[in-house]
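# Tertiary structure, described
Residue-level listing of the chains:
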Amino acid sequence: MSSPQLTFYGFKVSANAMRVAIALSHAKADFTFCSIDLMNKPEWFVSQVNPAGKVPAVTIGGPIVPPDQPSPESAKIAESLVILELVADLYPSSRLMPSDPVERAKVRFFMQTQQTVFANNYFPWYALGKANGWKDLYEGAKALQALLPENGTGYAVGNQLTIADCAFAPLWGRTKVCFERCIGRFDPEEAKLFKEAMEAPEMAKFRAYTDRLFAHPSVKEHWDEEFIATASKGLVAVFEKRFGPKP
Ligand SMILES: N[C@@H](CCC(=O)N[C@@H](CS)C(=O)NCC(=O)O)C(=O)O
């Protein structure tokens with residue numbers, strides 16, 4: 001049976017879209033990519049694909065049509081973590097989601113944890129310059145480290161890349177670029193403290209995991225560090241204008 005029509009709307013700068021890009025590559029999915037310029041969003045995208053105006057989004061099913069003329073017959077799905085589940089369901093042989101119910105629950109728990117303790121703390125620190133925001137991220141990294149398998153091999157859950165890893169890789173990549181190169185609205189001293197904390201022996205398990213993650217071909221394919229550094233610098237200026245003085 002051939003796979004249904006799948007169109008992925010993303011943007012290279014978007015960490016949330018990168019989550020989906022990694023999963024689609026890993027699954028060797030058959031899809032059409034459409035880049036949405038978030039600085040200049042097309043009206044058809046908001047009115048016909050995602051009313052929230054955000055990427056990632058996908059259309060699934062319906063006839064094959066040009067991405068800027070989505071069919072009323074396709075389903076429109078948004079939210080990166082929901083789309084990750086969809087990709088795993090569409091391509092079970094990718095093993096992006098394990099078959100064992102307990103392992104599946106662990107994948108979902110890691111995804112939920114990285115969202116609450118890490119994703120939700122990244123923006124306030126990087127984009128808003130929240131004072132001492134690095135501590136929230138450090139605590140988040142510690143909480144995730146506690147979930148990692150003890151044996152020092154494999155990924156977030158087991159020895160296969162899962163959607164838990166797809167969810168976390170772009171976030172961690174960006175965070176690391178930001179504190180290592182001091183790109184963001186935070187106090188530069190905080191970047192140093194964060195770097196020191198992450199390089200300490202007690203974070204060895206986390207470091208080994210993220211090193212393995214970024215050595216994985218499906219992650220490597222979408223990770224362009226220089227591009228992300230340049231784009232992140234550009235975004236700082238946008239955030240200064242949009243959000244005004246630091247809280
Ligand atoms: N919770 C959403 C967040 C999506 C999101 O905020 N996407 C950003 C790019 S990373 C976006 O499209 N921003 C455009 C805007 O807010 O206008 C998800 O996980 O997909």
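All figures in this text were calculated on a predicted structure; none of them were measured in a lab. (Residues numbered from 1 in each chain as written. Predicted model: local features only at pLDDT ≥ 70, side-chain atom pairs only at ≥ 80, totals over all residues. Heavy atoms only, no water.)

Right, let's get into the UniProt feature "domain: GST N-terminal" (unreviewed entry) in the protein. Following the UniProt record, the feature "domain: GST N-terminal" (unreviewed entry) maps to residues 4-95 here. Secondary structure content for residues 4-95 is 32% helix and 18% strand, while the C-alpha to C-alpha distance between its ends is 19 Å. (UniProt positions renumbered as here; feature names shortened; annotations may be inferred. Helix = DSSP H or I, 4+ residues; strand = E, 2+ residues; numbered from the N terminus.)

Before going further, it helps to spend a moment on the packing of aromatic side chains. The tally for this structure, following the rule as stated, stands at 24 aromatic pairs. With a centroid separation of 5.3 Å and 80 degrees between ring planes, the pair formed by Phe123 and Phe239 is classed as edge-to-face. With Phe123 in helix α4 (residues 101-126) and Phe239 in helix α10 (residues 225-243), the pair connects residues that are 116 residues apart, well separated along the chain. What makes Phe239 buried here is its relative accessible area of 8%. Members of the aromatic cluster, connected to one another through ring pairs, are Phe110, Phe118, Trp125, Trp134, Tyr138, Phe168, Trp172, Phe179, Phe186, Phe194, Phe206 and Tyr209. Positioned above the aromatic ring of Phe227, the side-chain terminus of Lys12 is 4.2 Å from the ring centre. (Phe/Tyr/Trp six-rings, centres within 6.5 Å; stacked < 30°, edge-to-face > 60°. Buried < 20%, exposed > 50% of the residue type's maximum accessible area, 1.4 Å probe, protein only. Lys NZ or Arg CZ within 6 Å of the ring centre and 35° of its normal.)

The alternating pattern of strand β3 (residues 57-60) places Ala57 and Thr59 and Val58 and Ile60 on opposite faces, both of which are buried. Pairing analysis gives four bridges linking strand β1 (residues 6-10) to β3, with the strands arranged antiparallel. Residue pairing for β3: Phe8 is matched across the bridge by Val58. Bridging between β3 and strand β4 (residues 75-78) involves four bridges; their strand directions are antiparallel. Residue Ala57 lies in a different strand from β4, and its bridge partner there is Ala78. (Pairing = 2+ DSSP bridges.)

Bringing the sheet that holds β1 into the picture now. Pairing in this open sheet of four strands is mixed, and the strands run β2-β1-β3-β4 from one edge to the other. Of all the strands in the sheet, just β2 (32-35) and β4 have a single pairing partner and so form its edges. Direction aside, neighbouring strands of the sheet carry axes that sit 20 degrees apart on average. (Axes fitted to C-alpha atoms, helices over the stretch in contact; angles between N-to-C directions.)

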